[in-house]
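One letter stands for each residue in the lines below.
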Amino acid sequence: MAGKRRLIDFVLPALGPVLAAAYAGVNHVAIEAAVKAQIAGPEWAGGRLAADGMTGLGRDAWRLVLATAVIVGVLGVVYTVIGVLLRRGGRGRTPLLVLSGVLIVPYALAVLVALVNPARALAGLYDTPDFAGGLPGWQSATVLVLVAAGLAQAAGVAMAAAEGRRAASART
């Protein structure tokens, strides 16, 4: 049982960067589908495509999604390191816990951006119903991937803090 517990202690914090990459990947698929619908739509009429086959709207939506995923991914790596350091149970636990509390603010802001759904919001801003209509129905639920990442990391950091507390009390 203890071996499984230790594995979970390491896996949960590491899920943050993995799930951030998954969020980016599924959104890239959704944005590509929306770009295809935009190009096939009647309003396109000979517009220009970038070298990667994206429209201006598709590229802008992808950049916002990618920026959100990168922010969550980097914060996920930081939370993973905090989780590893908290398990050790020595001095410096309080600043690590404070840092983890402070870092939740940019994490929550990134999730808020994902909740606003940049691809759909930009489609409305650019007034391109073909792009918005081409977004798969499941795309708006991808924010839940980031929420799951945050919850997994929060549980992992809490478990690491408890393990570190037990290790610190065993030494004294």
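Scroll up for the structure.
No experiment lies behind these values; they were computed from the predicted model shown.

## Thoughts on the overall build of the protein
Counting secondary structure elements, the protein contains 6 helices and 0 strands. When the helices and strands of the protein are placed in sequence order, the string is α-α-α-α-α-α. Compactness check: the protein gives a C-alpha radius of gyration of 20 Å against a globular reference of 16 Å for 172 residues, more than 25% above the reference. In terms of its C-alpha atoms, the protein occupies a principal-axis envelope of roughly 75 × 30 × 25 Å. Across the 172 residues of the protein, 39% fall into the buried class. Expressed as a percentage of contacts within the protein between residues at least 6 apart in sequence, the contacts between residues at least 24 apart total 80%. Surface summary for the protein: the accessible area is close to 9,200 Å², and the carbon and sulfur share equals 71%. For the protein, the distance from the average site of its 15 positive side-chain charges to the average site of its 8 negative ones is 22 Å.

## Some points on the packing of aromatic side chains
All told, the structure shown has 1 aromatic pair when counted by the stated rule. Aromatic pair Tyr-79 and Tyr-107: ring centres 6.1 Å apart, planes at 65°, arrangement edge-to-face. Placement of the pair is Tyr-79 in helix H2 (residues 56–88) and Tyr-107 in helix H3 (residues 93–116), with a sequence separation of 28 residues. Of the two residues examined, Tyr-79 and Tyr-107, each falls in the buried class.

Conventions and cut-offs
Residues numbered from 1 in each chain as written. Predicted model: local features only at pLDDT ≥ 70, side-chain atom pairs only at ≥ 80, totals over all residues. Heavy atoms only, no water. Helix = DSSP H or I, 4+ residues; strand = E, 2+ residues; numbered from the N terminus. Rg over C-alpha atoms; globule rule 2.2 N^0.38 Å. Buried < 20%, exposed > 50% of the residue type's maximum accessible area, 1.4 Å probe, protein only. Contact = heavy atoms within 4.5 Å. Areas by Shrake-Rupley, 256 points an atom, 1.4 Å probe, with all protein chains shown as cover. Lys, Arg positive; Asp, Glu negative; His and termini not counted. Charge placed at Lys NZ, Arg CZ, Asp CG, Glu CD. Phe/Tyr/Trp six-rings, centres within 6.5 Å; stacked < 30°, edge-to-face > 60°.

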